[in-house]
Every structure is written in C-alpha cells, then in structure tokens.
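Secondary and tertiary structure notes
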Amino acid sequence: MPEIALTKQIAERFKDYFDAEPALWHSSIGEKKKKNIWKGVSENKIKLVLGARSSIFLPFQNLKLIVIDEEHDSSYKQEEGVSYNARDMSILRASIEKFPILLISATPSIESYYNSKNKKYFYVSLTERYKNISLPNIEIVDLINAPADKGKFISNQLIPKLKKIIKEKQQVLFFLNRRGHSTYIMCYECKKRLVCPNCSIGLVFHQTSKKAICHYCDYKTSLTQKCTNNKDCEFTFYGLGIERVFEEVQLIFPEIKIQIFSSDSINNNKNSEQIINDIEKNKIPILVGTQLISKGFHFPSLNYIVVINSDTNFLGSDIRASEKNFQLLQQLSGRAGREENKAKVFLQTNDPNNKILHSLSNSDPKVFYEEELLFRERAYLPPFSKLVSIIVSGANQFEVEKISKKLKQSFLLQEKIKIYGPVTAPIFKIRGKYRMRLLLKYDVSLFPQKFIKNWLDMNIVSKNIKLEVDVDPVSFL
Ligand SMILES: [Zn+2]
Ligand SMILES: [Zn+2]
Ligand SMILES: [Zn+2]
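For every chain, the first residue of its written sequence is number 1, and the numbers climb from 1 along that sequence. Here every chain gets a letter starting at A, and every ligand a number starting at 1, in the order they are written. Two thresholds apply to this predicted model, a pLDDT of at least 70 for residue-level local features and 80 or more for giving and counting side-chain atom pairs, whereas whole-chain, interface and lining totals are computed over all residues. Side-chain numbers here rest on the full set of heavy atoms in the structure, without hydrogens or water.

1. What about the nonpolar core?
The biggest cluster of nonpolar side chains holds 33 residues, and the ones touching the most others in it are Leu173, Phe175, Phe261, Ile293, Phe299, Ile305 and Val307. Comment: elements are numbered from the N terminus, with helices defined as DSSP H or I runs of at least four residues and strands as E runs of at least two. The greatest single-element share of this core, amounting to four residues, is contributed by helix H8 (residues 321–335). Residues enter a nonpolar core if they are buried and are Ala, Val, Leu, Ile, Met, Phe, Trp, Tyr or Cys, with the set joined through side-chain atoms within 4.5 Å. Here the term buried applies to any residue with accessible area under 20% of the maximum for its type, exposed to any over 50%, and partly exposed to those in between, with areas from a 1.4 Å probe on protein chains only.

If you want it as structure tokens, here you go:
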C-alpha cells in the first residue's frame, strides 16, 4: 500500500471479504509490534501482511504472491537514505523467486502500461466499475471567462451551483494539492520574505498553529518578528494553500461543517479514524482536501468534487508532470460517485484546451497513454530511455560546485550514455546542504552500473560531500 492512512480501511475490508486478519506493517507502528511481526513472518506463522513500502524487506520464508495496490503511486519510491522503489524491488523479488505479482491501478504508470502493451506484463482489465456505476461527469470551469473574485479562488459561476448541491444534502470535496495556508510570506515594511534558513524555499503559513513552517525540514517560526523602528513586522500572504481554500469555503458556507483532509491534519491526528468514519457516514458535508484524499479512500456519499487548480504547470517542472496530473485527476474523479450515478467533477483551469482535461472526459483513457508515449518516444524519455540522477550535496557551496564539475570532466564520453549538467538543483539548499545535479540518460538495452561505479570511484570525494545515485529517479527537485 502506498499510504499509511489507508491501511486501516483496507484491513477492515480484508476482514469482511476473506475473514482473515492481516498483520499491519508501516513506519508508525511501535517497536514491540514490529518485533512480533518480524518474528511471526520469519517463522512463517504470519501468512498475510498489509504493509507500506518497507514491508518488502520482511523475512518471508515462503512468499507466494505480492499485490501492489495503486502501483503508479510515486510514494513507493523511497528517496531518503538508501533510495529504492518498493514496486520495482517487488517485481524483481517475484521474478527471482518465481511467483506472481499483481500491479493494480485504475491509472497505471506509463512504464507499466508500456510493459503490458509489449506483452512483458499480462494485462487484465475490469470492464465494469464497482457496483456498475458510471464515471462522474467532468465539467471544465474556464477561469478566464468565469473568474473568481479578486483574491479569491472559486469561480463566481460555480458558487450558485455549489449552494444548490449543498442544499440538497450532498457531500462536496474542494481539492487543492498544496498543504498549508500561504506559500509566500512577505513584510513590505522591511522587505523581508520568510524563507527557511536551512532550505532555499519559502516557509508555508499554517493557520491552525499560527506558525510558518518549512515542508522539507520542519523548521518552524512565529510571525512575531522585529521590523524596522522596533515595530513588529506586518506580513502579507500570497500563494494558495489548502487552509486558504478552507477559509474561502467557510465564507461561502458559514453554517456548514467543513473538514480539512491533508497529511498535516490526518496522518498525525489521534481523531483521524473518527474523522474518516464521519466522512463515510456523511456527517461532514464539505471536505477540503489535498492529494491524500485521492489515494483509494472510499467515501460513499461523495458525489461532487471541485478541483481548485487543474493545470499541469501547478505541479512544477518534472518529466512526468503530465502523467502525474492525469493520474491525480483521474484518481480523484474516481472518489466521486462511488454509490450513485449523478456524480460530477468541476475542473477549474486557466488552460481550458489542455489535452489532459479533455482526455479525462474521454471514456477511453488509452488516448492519453498513447499520446504521452508518443511524446516520450520523441523526447527519448523513459520508458524509451533510462535515467540516473547523481546528486552532489554538502555544506560548502564551493566544494559542491567543484566536485560536480570534476565529475563531469572525468566522465568518459561515449555514444550510448549521455551526461547532462551539473546544474544547481531546483531546491538548491535542503537542511543546510547545497545541492547540484547531474543526469545520465542511456539506452534501455544497457546495464551501465559497473561503468557508473568505476567513474564515481575515480573521483575520490571528500568526507564533507555526499554523493547520491538515484536510478530511475521519480523526483527531480
Ligand atoms: Zn504543512
Ligand atoms: Zn527547511
Ligand atoms: Zn518587517
């Protein structure tokens, strides 16, 4: 499973369907429980494990099946410490030990789609939707022709429709894939912008804690800061975050119960099970959520979804931006109308002609996959080539730059492996470490691991420099 918050709900369903109770394995179960599960698995007493990505390392004695739910989910990739992709390691494990593996998704990754198209994977499709309910209608809300009020984010044209829907006691989700309140905090008096001292990114204001927080290193600071003339700073907030949507929705529906559903508010919340339960029972009419909610939750009364910003550029520069946006919006649409036929998804956009939005309303998702594959082939991107990222980081900026250049210079140029960079990483500094990136791109028929190792070994790196080799990178930050 890709998400911890999901395991509980799925465990319940396991009990209902199979009358078997799985052992739950993820990072936030206690040390003692972990020991028991580890022992139980190694003695072959535990036969069924429901786990997050690290469960691939459990000492199974006689493993016969792995099921990867939501196989497209990028959270299977562990990026910190030893980087690995739990999905890909599972495929390898199944292939070495010769047992079947199921990759499950309503929106497969481009790689898996390509592998099944090439008959490398066997393809099974569910032609009927759960309980035979049709997919929700997609309505594109053109923000250029029907904008929101100044400083607001919900289209004026949409508000009367939403009021009617709420009046009919329907559950509505407002979706925005950005945690916190405002992503840009600035005092005009002293021209101070709140950025993380450890990372080169802006702090995000959180309404609930009244603090500005760094989403990379968890650095927190209060907004009471010294300005010029011994006064306090007066901060202005820009940029959109989920809490800001919450405020706007609250103004439109002052008497309705509204719940924020994001990893800030759910994953570390003792009441999260109660909240999920209340949503399931339609006790909370309005949800304001981030991508956490798109991950396989089953909310039977949720029939209407408003996507505050459906545009790809919102996700930043990433070779998989289109794929990720398509998967996200498609998964999200799948949350609506689980039990009834009248579901609707409103996609707010500044780019109403975008092909992703139109392929979402298209009943044949293959159109998107085929177009995207064509684009990847022309651009010689995965799955038509392979990528390896080299990330050089350290506390001394000069040294990081020097080593990065040295790596490039010592790379033996060859026809089949191209090297790009070094460039400063999009997030140049994380937790006090400066970062530069190099990228290798090579033919899928090659196995250049040895070549890369020799090359890196040649460059004796100082103790102050960390060298990360990320094979099949998912993130390019
Ligand atoms: Zn946050
Ligand atoms: Zn930080
Ligand atoms: Zn100030």
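2. Focus on the coordination of the zinc ion (ligand 3)
Between any two of four tetrahedral donors, the ideal angle at the metal is 109.5 degrees; between two of six octahedral donors, it is 90 or 180 degrees. Water is not among the atoms examined, so metal sites may look incomplete; donors are the N, O and S atoms within 2.8 Å of the metal, or within 3.2 Å for Na, K and Ca. With distances of 2.3 Å, the protein atoms coordinating the zinc ion (ligand 3) are Cys187 (SG), Cys190 (SG), Cys227 (SG) and Cys233 (SG). Spacing between the donor residues of the zinc ion (ligand 3) along their common chain follows C-x2-C-x36-C-x5-C. Of the two residues, Cys187 sits in strand S9 (residues 184–187) while Cys227 sits in the loop between strand S13 (220–222) and strand S14 (235–238), which places them 40 residues apart along the sequence. Assessed through its relative accessible area of 0%, Cys187 is described here as buried.

3. Some words on the sheet that holds strand S22 (residues 465–471)
At least two bridges found by DSSP between two strands is the condition for calling them paired. The strand order across the open sheet built from four strands is S20-S21-S19-S22, with neighbouring strands paired in antiparallel fashion. Only two strands of the sheet have a single neighbouring strand rather than two, namely strand S20 (417–430) and S22. In this sheet, neighbouring strand axes are inclined to one another by 20 degrees on average, regardless of whether the strands run parallel or antiparallel. Pairing between strand S19 (residues 385–394) and S22: seven bridges, direction antiparallel. Residue pairing across strands places Val392 opposite Leu467, the latter belonging to S22. Interaxial angle, 0 to 180 degrees, is taken between N-to-C directions of lines fitted to C-alpha atoms, where a helix line uses only the stretch in contact.

4. Quick look at the domain arrangement of the protein chain
Partitioning the protein chain into domains gives domain 1 (4–117), domain 2 (135–178 + 240–376), domain 3 (184–238) and domain 4 (385–471). An automatic or database domain assignment provides the domain bounds reported here. A C-alpha centroid distance of 28 Å is found between domain 1 and domain 2. What makes two residues a contact is simply this: any of their non-hydrogen atoms within 4.5 Å. Across the contact, 19 residues belong to domain 1 and 21 residues belong to domain 2. Buried area, as used here, totals the accessible surface that two parts lose on assembly, with accessibility defined by a 1.4 Å probe and the loss added over both. With both chains or domains summed, domain 1 and domain 2 bury close to 1800 Å², and 55% of this area falls on carbon and sulfur atoms.

5. Quick word on the environment of Asp278
The residue Asp278 is located in helix H7 (residues 272–280) in this model. For Asp278, the contacting residues outside a window of four places in its chain are Lys257, Lys283 and Ile284.

6. With respect to the sheet that holds S13
Taken in spatial order, the three strands line up as S11-S12-S13 in an open sheet, and their pairing is antiparallel. Each edge of the open sheet is held by one strand with a lone partner, namely strand S11 (204–206) and S13. For this sheet, the mean angle separating the axes of adjacent strands, direction not counted, is 35 degrees. In the sheet, S11 pairs with strand S12 (residues 211–213) via three bridges, with the strands oriented antiparallel. Looking across to S12, one finds that His206 is bridged to Lys211.

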